[in-house]
Amino acid sequence: MPKVIKETVFMDCPIRNVLARISGKWSLLVLYALDRNGLSPMRFNQLRRAIPDISQKVLTTTLRTLETDGLICRKVFAEVPPRVEYSLTERALTLIPLVDSLINWAADNMADIVRDRAQGIEPVTT
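Residues numbered from 1 in each chain as written. Predicted model: local features only at pLDDT ≥ 70, side-chain atom pairs only at ≥ 80, totals over all residues. Heavy atoms only, no water.

S.K.: Can you help me understand the sheet that holds strand S3 (residues 83-88) in this one?
M.R.: In a beta sheet, neighbouring strands are held together by backbone hydrogen bonds and run either parallel or antiparallel to one another. The three strands lie next to each other as S1-S3-S2, forming an open sheet whose pairing is antiparallel. Each edge of the open sheet carries a strand with a single partner, namely strand S1 (42-43) and strand S2 (72-77). As judged from the two bridges shared by S1 and S3, these two strands associate in the antiparallel manner. Across the sheet, the residue bridging to Arg43 is Glu85, located in S3. (Pairing = 2+ DSSP bridges. Helix = DSSP H or I, 4+ residues; strand = E, 2+ residues; numbered from the N terminus.)

Following this line, the structure appears as structure tokens:
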């Protein structure tokens, strides 16, 4: 059974559950790598090369999570040795423009964010 984030406040808020799954360190990078490969599926080692600092174990876990959520398709070929390919689903393709917007926002704001961090500016709390 898929993990569902239980919230006592805003129990019906879908964003909490979805963000908990895709906001991890690696999920968006895997989706980004698959998208940048165009419509061509990628094999496991291709993904590892595209994201060189991800471990084999973490990539495996991330791929399983994304598959469980219907964001990637895993296709196994009955060959020796076995071949497995990963591709984006239709659902993931609707998410990619949002990921691209986030990437653009990060690129536009990263210099200012780094500057603020260096200056030690504390976040404003209310």
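S.K.: What exactly am I supposed to notice about the packing of aromatic side chains here?
M.R.: What describes a pair of aromatic rings is the distance from one ring centre to the other and the angle between the planes of the rings. For the structure shown, the criterion picks out zero aromatic pairs. Here the basic side chain of Arg83 rests over the ring of Phe77, its NZ or CZ set 3.7 Å away from the ring centre. (Phe/Tyr/Trp six-rings, centres within 6.5 Å; stacked < 30°, edge-to-face > 60°. Lys NZ or Arg CZ within 6 Å of the ring centre and 35° of its normal.)

S.K.: I'm lost on unusual backbone geometry in this one. Help?
M.R.: Among all residues except glycine, the phi angle is most often negative; among peptide bonds, the trans geometry is most common. With an omega of -5 degrees, the peptide bond between Val80 and Pro81 qualifies as cis. Mapping Pro81 onto the fold places it in the loop between S2 and S3.

S.K.: Can you walk me through the side chain of Ser27 in this structure?
M.R.: In this fold, Ser27 is placed in helix H2 (residues 27-36). Leave out the neighbours within four places in its chain, and Ser27 touches Arg21, Ile22, Thr62 and Leu66. (Contact = heavy atoms within 4.5 Å.)

S.K.: I'm lost on the pattern of salt bridges in this one. Help?
M.R.: Where charged atoms of side chains with opposite charge meet at close range, the side chains can pair. The tally for this structure, following the rule as stated, stands at seven salt bridges. Notably, a salt bridge pairs Glu85 with Arg83, separated by 2.8 Å at the nearest N-O pair. Note on accessibility: Glu85 and Arg83 belong to one class, buried. The shortest N-O distance in the salt bridge between Arg115 and Asp116 comes to 3.1 Å. Judged by its relative accessible area of 41%, Arg115 falls in the partly exposed class. Overlapping salt bridges bring together Asp35, Arg36 and Asp100 as one network. (Salt bridge = Lys/Arg side-chain N within 4 Å of Asp/Glu carboxyl O. Buried < 20%, exposed > 50% of the residue type's maximum accessible area, 1.4 Å probe, protein only.)

S.K.: Quick question: what am I supposed to make of the packing of H2 against helix H5 (residues 90-119) here?
M.R.: Angle between the axes and distance between the axes: these two values describe a pair of packed helices. Contact geometry for H2 and H5: axes closest at 10 Å, N-to-C directions at 105 degrees. When the axes of H2 and H5 are compared, the pair comes out roughly perpendicular. Of the residues in H5, those in contact with Leu28, Leu31, Tyr32, Asp35 and Arg36 of H2 are Ala92, Leu95, Ile96, Val99, Asp100, Leu102 and Ile103. Residue classes in the contact of H2 with H5 are distributed as nine nonpolar, no polar and three charged. (Axes fitted to C-alpha atoms, helices over the stretch in contact; angles between N-to-C directions. Parallel < 35°, antiparallel > 145°, perpendicular 65-115°, else oblique. Nonpolar A, V, L, I, M, F, W, Y, C, P; charged D, E, K, R; others polar.)

S.K.: Just to check I follow, could you spell out the pairing of S3 for this structure?
M.R.: Every regular strand shows the same layout, with side chains that alternate between the two sheet faces. Burial analysis of S3 places five of its six residues in the buried class, which makes it a mostly covered element. By the bridge criterion, six bridges tie S2 to S3 in an arrangement that is antiparallel. Within S3, the position partnered with Ile72 by the bridge is Leu88. In textbook terms, the turn of a hairpin is the stretch between consecutive antiparallel strands, and for S2 and S3 this stretch comprises five residues.

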